[in-house]
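Observations on the three-dimensional arrangement
What follows is each chain in one-letter form.
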Amino acid sequence: MKIAILGTVGVPGRYGGFETLAENLTRYHNGTGQRTALTVWCSAKDNAEHPVRFENADLRYVGLRANGVQSIPYDVISLWQAVRSGHDRILLLGVSGALALPLIRLITRARIITNIDGIEWKREKWQPLARMVLRASEWAAVRFSHEVVADNQAIADHVRDAYDSRCRVIAYGGDHALHEASDATVPEELPDRYALALCRIEPENNVHVILEALDGLSMPLVFVGNWDNSDYGRDLKARYSERSNLFLLDPIYDAGALYAVRARASVYLHGHTAGGTNPSLVEMMHFGVPVLAHGCAFNCYSTEDKARYFDSAEELAEKLRNLDPEDAIQIGANMREIAQRKYTWDQIGKAYFELLDRE
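As the structure is a prediction and not an experimental result, all values here were calculated from the model. (Residues numbered from 1 in each chain as written. Predicted model: local features only at pLDDT ≥ 70, side-chain atom pairs only at ≥ 80, totals over all residues. Heavy atoms only, no water.)

Some words on the overall build of the protein
Within the protein one finds 13 helices and 14 strands. The C-alpha radius of gyration computed for the protein amounts to 20 Å, which stays within 12% of the reference 21 Å derived for 359 residues, consistent with globular compactness. Counting only C-alpha atoms and orienting by the principal axes, one finds that the protein spans roughly 60 × 45 × 35 Å. A burial count over the protein gives 54% of its 359 residues as buried. Intrachain contacts of the protein at a sequence separation of at least 6 include 67% that bridge at least 24 residues. (Helix = DSSP H or I, 4+ residues; strand = E, 2+ residues; numbered from the N terminus. Rg over C-alpha atoms; globule rule 2.2 N^0.38 Å. Buried < 20%, exposed > 50% of the residue type's maximum accessible area, 1.4 Å probe, protein only. Contact = heavy atoms within 4.5 Å.)

Here is the structure:
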């Protein structure tokens, strides 16, 4: 059997949930001695180097970017190449190429499994045309895939309600975040303990809400993100960077340095409202610190309603002020227990390859 993984920038993953998923599925495939052939499609534009192997997987390259407007032709070309090269199991990560699935199904008997990501068309950042294309792509993925994977029960509920269809819920692993301990240290200017937030700097991640809440408290906050990539981020950085208790750091791509920053956090603040089960959340749950998350359904499902939740800056500030030390310890213990039970790559890899093995 020949398996193809499509829809990511490539492996090894340097950023992004799908890239981390593809990398860890490849490691699981190699580490468990799978007897199937595995190929991962990668972007030639997004990778400076183009190795032909990673672990025991072959790597193939398409000369387009994997994200943005080029993601649709990138995924369609990857699908076509995977079919033409005789792959009989295709794992498509995301719905960008899903509008081609009706044609692909006509020309191949390959079994297609699609992870539909996080109801992408509902994100506020998309213009009406992009929103329409993404919604049509989601429909095509559900209609023409042999199996649909959701990474969160709230997404599975959406698929059931919108399309009268069922899908498999498989989340993400996060235990790799604990395996990256190194001699790296945190920047000298950071305090010994702090609240931590880590995300793309976008309105849907409620960055402004978290900063507003902490601006009125004495508690230190370390916030890691791509501040300079948008007007939204630059405006927030200009407004808050001089506050004595707020430390706004640029993205940290070195795994050891990121581990060091995470390991000194006393509480994790998670403002995401879109995207299903968020990798940064399940990674941080393995550190056993209390989580205060936006109260959307995705986060409630991911944390089994055992975190603390907020919907506004005022509510977040109040919950931080009133967080009892014993309660904080219990919340952190609950987060670690959930993560060890649900969000390890051994479990996630096993679930995916069992699905790929089905006839």
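Some points on the pattern of salt bridges
With the rule as written, the count across this model stands at 18 salt bridges. Notably, a salt bridge pairs R341 with E304, separated by 2.9 Å at the nearest N-O pair. Separated by 37 residues along the polypeptide, R341 in helix 12 (residues 325–342) and E304 in the loop between helix 10 (297–302) and strand 14 (308–310) bring together distant segments of the chain. A residue is classified by how much of its surface remains accessible, and R341, at 36% relative accessible area, is partly exposed. Residue classification places E304 among the partly exposed positions, given a relative accessible area of 24%. Notably, a salt bridge pairs E304 with K342, separated by 3.5 Å at the nearest N-O pair. Taken together, the residues E304 in the loop between helix 10 and strand 14 and K342 in helix 12 connect sequence positions 38 residues apart. Where salt bridges share partners, they join E304, E337, R341 and K342 into one cluster. (Salt bridge = Lys/Arg side-chain N within 4 Å of Asp/Glu carboxyl O.)

So, helix 4 (residues 128–144)
Between its first and last C-alpha, helix 4 extends 24 Å over 17 residues, near the 24 Å set by a 1.5 Å rise per residue. Turning to helix 4, its buried residues number three or more, namely L134, S137, E138, A140, A141, V142 and F144. For helix 4, the secondary structure elements touched by its buried residues are helix 3 (101–107), strand 6 (111–115), strand 7 (147–150) and helix 5 (153–163). (Expected span 1.5 Å × (residues − 1).)

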